[in-house]
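One-letter residues, chain by chain:
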Amino acid sequence: MHIPFDNSYARLPVQMYTAQMPTPVKDPALIVTNPDLATLLGIDPADLTTPEAAQVFAGNQTPAGASPLAQVYAGHQFGNWNPQLGDGRAVLLGEVVGTDGIRRDIQLKGSGPTPYSRSGDGRAWLGPVLREYLVSEAMHAMGVPTTRALAAVATGEDVYREEILPGAVITRVAQSHIRVGTFQYFAARGDMTALHALTDHVIARHYPDANGPAKLLDAVIARYAALIAKWMGLGFIHGVMNTDNVSVAGETIDYGPCAFIDGFNPNAVFSAIDQFGRYAYANQPGIGAWNMAQLATSLIPLMPDRDTAIEDFTAAVHRFPEIFAQAWRGVFAAKLGISQPTEADEALITELLDLMAKDGADFTNTFAALSRDDARDQFIDRDSFDAWARRWRARQDDPSLMARANPQIIPRNHQVEAVIQAGRSGDFAPFHALLGAVTTPLAPLTDGTEHFARAPTLDEQVTRTFCGT
Ligand code: AMP
Ligand code: MG
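What you are looking at is a predicted structure, and each value in this text was computed from that prediction instead of being measured. Starting from 1, residues in each chain are numbered consecutively following that chain's sequence as written. For this description, chains carry letters from A and ligands carry numbers from 1, given in the order in which they are written. Only residues with pLDDT of at least 70 are given local features in this predicted model, and only at 80 or more are side-chain atom pairs given and counted; all residues enter the totals for whole chains, interfaces and linings. Each side-chain value is worked out from all heavy atoms of the structure, with water and hydrogens disregarded.

Chemist: Sorry, what's going on with the side chain of Lys 109 here?
Modeler: As for its placement among the helices and strands, Lys 109 is situated in strand E6 (residues 103-109). Think of a polar contact as two N or O atoms within 3.5 Å of one another; within protein, one of them needs to be a possible hydrogen donor and the other a possible acceptor, and neighboring residues in sequence only count if both atoms come from side chains. Within the local environment of Lys 109, its side chain forms a polar contact with the side chain of Glu 132, the two groups lying 2.8 Å apart. When neighbours within four sequence positions are excluded, Lys 109 is seen to be in contact with Arg 89, Ala 90, Glu 132, Ala 168, Val 169, Ile 170, Arg 172, Asp 254 and Tyr 255. Think of it this way: any DSSP run of H or I at least four residues long counts as a helix, any run of E at least two long counts as a strand, and we number them from the N terminus. By definition in these notes, contact holds between two residues if any of their heavy atoms fall within 4.5 Å.

Chemist: In this structure, what is going on with the site of ligand 1? I would like to understand it.
Modeler: If a single non-hydrogen atom of a residue is within 4 Å of a molecule or strand, that residue counts as near it. As a matter of local geometry, ligand 1 sits amid 17 residues, with Gly 86, Gly 88, Asp 121, Gly 122 and Asn 245 nearest to it. The backbone of Gly 88 places a nitrogen or oxygen atom 2.8 Å from an oxygen atom of ligand 1. Within the backbone of Gly 122, an N or O atom sits 2.8 Å from a nitrogen atom of ligand 1. Elements with a minimum of two residues in the shell around ligand 1: strand E3 (69-77) and strand E4 (80-86). Side-chain classes follow a simple rule in which Ala, Val, Leu, Ile, Met, Phe, Trp, Tyr, Cys and Pro form the nonpolar group, Asp, Glu, Lys and Arg form the charged group, and the remainder, Gly included, forms the polar group. Grouping the constituent residues of the shell around ligand 1 by class yields two nonpolar, eight polar and seven charged.

Chemist: It is not clear to me how helix H2 (residues 51-58) should be interpreted in this structure. Could you clarify?
Modeler: Count 3.6 residues to each turn of an α-helix, and residues three or four apart come out pointing the same way. When a residue's accessible area, from a 1.4 Å probe over protein chains only, is under 20% of the maximum for its type it is buried; when over 50% it is exposed; and in between it is partly exposed. When we look at burial in H2, the residues that qualify are Ala 53, Ala 54, Val 56, Phe 57 and Ala 58. Next to the buried residues of H2 lie strand E2 (29-33), E6, strand E8 (148-160) and strand E9 (164-174). Two residues or fewer past H2, Gly 59 is found with a positive phi of approximately 90°.

Chemist: Mind showing me how you'd approach the pairing of E4 here?
Modeler: Look at any regular strand and the pattern is simple: side chains alternate between the two faces of the sheet. Two elements, E3 and E4, share five bridges in a ladder whose sense is antiparallel. Following the sheet pairing, Tyr 73 is matched in E4 by Leu 85. Think of it this way: DSSP has to see at least two bridges between two strands before they count as a pair. Counting the residues in the hairpin turn of E3 and E4 gives two residues, including Phe 78, whose phi is positive at 50°.

Chemist: When you look at helix H11 (residues 363-372) in this model, what are you seeing that I'm missing?
Modeler: Burial analysis of H11 places eight of its 10 residues in the buried class, which makes it a mostly covered element. Burial in H11 covers these residues: Phe 363, Thr 364, Asn 365, Thr 366, Phe 367, Ala 368, Ala 369 and Leu 370. Among the structural elements, helix H6 (213-233), helix H9 (320-335), helix H10 (345-359), helix H12 (382-395) and helix H13 (400-405) are those in contact with the buried residues of H11. Looking one or two places after H11, you find Asp 373, whose phi comes out positive at around 70°.

Chemist: Whenever I open this one, the nonpolar core confuses me. Can you help?
Modeler: For soluble globular proteins, the rule of thumb is that nonpolar side chains tend to be buried together. Definition of nonpolar core: a set of buried residues of the types Ala, Val, Leu, Ile, Met, Phe, Trp, Tyr and Cys, connected through side-chain atoms within 4.5 Å. Met 139, Phe 183, Leu 370 and Trp 388 are the most contacted members of the largest nonpolar core, which has 119 residues in total. Of all the elements, H6 adds the most residues to this core, at 11 residues. Where each domain starts and ends follows an automatic or database-derived domain assignment. Taken domain by domain, the makeup of this core includes at least three residues from each of domain 1 (9-174) and domain 2 (329-405). When residues no more than four places from it in sequence are discounted, the contact partners of Trp 388 are Leu 336, Leu 348, Glu 351, Leu 352, Leu 355 and Leu 370. With 23 residues, the next largest nonpolar core counts Val 25, Phe 57, Ala 58 and Ala 66 among its residues.

Listed below in structure tokens is the structure:
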């Protein structure tokens, strides 16, 4: 398999990573590969289905030009500082510059232990691999910046969690895997060499218009605020917005116990480890600002005058809520067919969300039904909905926006779980069917896809999701 590697991270100061080969597995078998993404990366899609591909995507065979390494980082986990994290079950094979001119990482996740594994085994089981594959590709199809999935393989090995589970490896593609926690790691140690090198690398790679740390901070804030606004518009809950899971490139990264809301509840929490609801749906923008404050703190040592930097960076972080609010308005206005949103539209949007929350209306289906003009059925209190809808129709000016902004099909928890259960018994047909549906989320429903758009019954609802680590 020819992968046109061009590795830049491996040229950065040695304290920023550890050279690390993936650990081979017993009996690799391809589950799925992504020919469109391969083409974008300059990989011949015909190479994806060869026996060699299973070996490469399992980490058994290292393609020419790779310089495998594990990246070090730190992070705040649920608000608590952890000075030492890193790729504990992932290895960066290298980078390629795609046909679109964008540089991207190709990383194996679940590929064996690294110096940063602590007590972990460096492995992943099939469940989180299929979940990440489905959700990341669905997010991409819905226009949300995200890491992507190039391949998933079964390892033929057992993974030991609370039970014995089948192992798997996902090949993840990202504009980079550099996190807020990567900056924090070097700032906390006072390693100015690495902090400067990292900052220059991130600016050159992701924000070539930024002329220094202050502009970099502004630019990351803008992208991250826009990203969270997109999550909110899809009823998406990331679940683990720790600073080590925040990409400075502004992509959704580290799909763990993430979930899409079915019946709307702004306080929804799915992650089994999120005991106090820190990362609940409605908390995401506030946490976003908090995470940007951690990035700001890490950039201060780079500035010539500390007091001025603190003042300027504090102001930059304090702009997050307004930047987010504007992005959020834009997202929801498009969902309602309003082309020129103003601050006054916030009330219209909020009132709809309040009605949805009161009645537990299905998030995705309510917006999809608004596009078709039959949303009334989603509500119990139809008089209140009618009153709202009258005001909405008076304000709506471009219904064509709605078809693009309101997916019919998202990877619903209960369907993802069902696909994982089938996969455990070796049946990947349901996975492929769901993948096909969630990667064409705007397509009109057919007899074959209609069931994917159905909200779960009470019995079917999945209310808890797990990291799977
Ligand atoms: P997460 O919040 O899932 O991104 O994981 C937090 C940290 O734990 C990361 O540094 C991971 O690399 C590490 N980790 C998670 N699962 C494992 C595992 N099975 N083996 C080794 N390290 C792991
Ligand atoms: Mg992580």
